[in-house]
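Here is how the chains run, residue by residue.
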Amino acid sequence: MEPVKQHLTEFSLEAHDLYLNHSVPYLEEPPDPLQFYRNWIGPNKPCIIRKAFSHWPALSRWTPDYLREKVGSKIISVAVTPNGYADAVSGDRFVMPEERQMSFSSVLDIIEGKVEKCGVFYIQKQCSNLLEELPELTQDVEPHVPWMSSALGKLPDAVNFWLGEADAITSLHKDHYENLYCVISGEKNFILLPPTDRPFIPYGVYQPAVYHQGYDSDFEAVDQSNTEKVPWIPLDPLKPDLEQYPEYRHARPVRCSVKAGEMLYLPSLWFHHVQQSHGCIAVNFWYDMEYDIKYNYFQLLERLSEVTGAT
Ligand SMILES: O=C(O)CCC(=O)C(=O)O
């Protein structure tokens, strides 16, 4: 196994030298579908696209006043956690947020500091919540990104709406989606790692639990019974513990900040950790590419990393 592990390390380091960028490049215009496929989707490299949705009314309309008027009384799903970490490793558990049904205006009250609540609140339900829970807002955006749908030959599988507090953090993970992430207001800060860094990224398997806030306001992580253990990344890229995870020193995280009006192309299977400015609003499009050739190729890397115990 040692030679395979050595090859994996070399392969990952070569990917950085040969084709990955040290920072996320900008495209100044929305691209032509074929060029985008050739330059970014095929090579699986991220970029930030400017002026890709400057025609969306959401950019100027989505103020707290407008949102209150339009969807204030709608009941939506909100992730609530004691510390901002939803879906993250805590001790020997994989802990998911308490999912609370609240009116949109009560979430705005918390974000605007009009009321004080214990916990960190984040609208982040990734089930096409824009279309499912807030259809009144869809007229302010587009239901898909035409050049991406044309490049991939399909429509998005989910269109998600994100709004949350500054302390809400999305822990390091990867998805099998081609992701177009559009920031409407505020800013999102991503830490990105390519799939080829997989051998340096530790995984563990954890008992799943869900936060529950008691009457005394304290949060408790309640184990989910009869559920399989969840594989997840215990490492925090904001303060990686290199003593515990020495292989991570080979990883080459790239940071980028996506500002209002900008769209991040986050290729499938890139690891990402996300933070945001307070009250940041974003919409993203997930195009599921689970059976794409890229996916199969990176699955192989995944398996090799697992069997060689590269991490
Ligand atoms: O914006 C976030 O907090 C997380 C985004 C994310 O993980 C995703 O789009 O896959």
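Residues numbered from 1 in each chain as written. Predicted model: local features only at pLDDT ≥ 70, side-chain atom pairs only at ≥ 80, totals over all residues.

The chain appears in an unreviewed UniProt entry as Bifunctional peptidase and (3S)-lysyl hydroxylase JMJD7 from Betta splendens. Recorded in UniProt for the chain, the comment headed Subunit (unreviewed entry) runs: "Homodimer; disulfide-linked. Interacts with DRG1 and DRG2." UniProt lists a comment for the chain under the heading Cofactor (unreviewed entry), and it reads "Fe(2+)". (UniProt positions renumbered as here; feature names shortened; annotations may be inferred.)

(A) The overall build of the chain, seen in detail. Each helix and strand counted, the chain has eight helices and 19 strands in total. For the chain, the C-alpha radius of gyration of 20 Å lies close to 19 Å, the compact-globule estimate for 311 residues. Principal-axis analysis of the C-alpha atoms places the extent of the chain at approximately 60 × 50 × 30 Å. Within the chain, buried positions represent 34% of all 311 residues. Long-range contacts, defined as pairs at least 24 residues apart, comprise 84% of the intrachain contacts of the chain with a sequence gap of at least 6. (Helix = DSSP H or I, 4+ residues; strand = E, 2+ residues; numbered from the N terminus. Rg over C-alpha atoms; globule rule 2.2 N^0.38 Å. Buried ≥ 20, exposed ≤ 12 C-beta atoms within 10 Å, placed from the backbone. Contact = placed C-beta atoms within 7 Å.)

(B) Just the sheet that holds strand 8 (residues 120–123), in detail. Read across the open sheet, the nine strands follow the order 1-2-17-11-19-9-8-3-7; overall the sheet is mixed. Here the strands that pair on one side only, and so sit at the sheet edges, are strand 1 (26–27) and strand 7 (98–103). Relative to strand 19 (residues 281–288), strand 11 (residues 177–185) runs antiparallel, the two being bridged by eight bridges. Note on strand 19: the bridge partner recorded for Glu178 is Tyr287. In this fold helix 5 (residues 104–111) packs onto strand 3 (75–81), strand 7 and strand 8, with an angle of close to 105° to the strand it touches most, strand 7. (Pairing = 2+ DSSP bridges. Axes fitted to C-alpha atoms, helices over the stretch in contact; angles between N-to-C directions.)

(C) Inspection of the UniProt feature "domain: JmjC" (unreviewed entry) in the chain at higher detail. When the UniProt feature table is mapped onto this chain, "domain: JmjC" (unreviewed entry) is found at residues 123–302. As a span, residues 123–302 carries 12% helix and 40% strand, and end to end its C-alpha atoms are 31 Å apart.

(D) Representation of the packing of helix 4 (residues 64–71) against helix 5 in the model. At a closest axis distance of 9 Å, the pairing of helix 4 and helix 5 adopts a crossing angle of 160°. Classified by the interaxial angle, the pair formed by helix 4 and helix 5 is roughly antiparallel. Every pair of crossing elements has a handedness; the one defined by helix 4 and helix 5 is left-handed. For the pair helix 4 and helix 5, contact is made by Pro64, Leu67, Arg68 and Val71 and by Phe104, Ser105 and Leu108, respectively. In the contact of helix 4 with helix 5, the residues fall into five nonpolar, one polar and one charged. (Parallel < 35°, antiparallel > 145°, perpendicular 65-115°, else oblique. Left-handed = near helix turned anticlockwise from the far one by under 90°. Nonpolar A, V, L, I, M, F, W, Y, C, P; charged D, E, K, R; others polar.)

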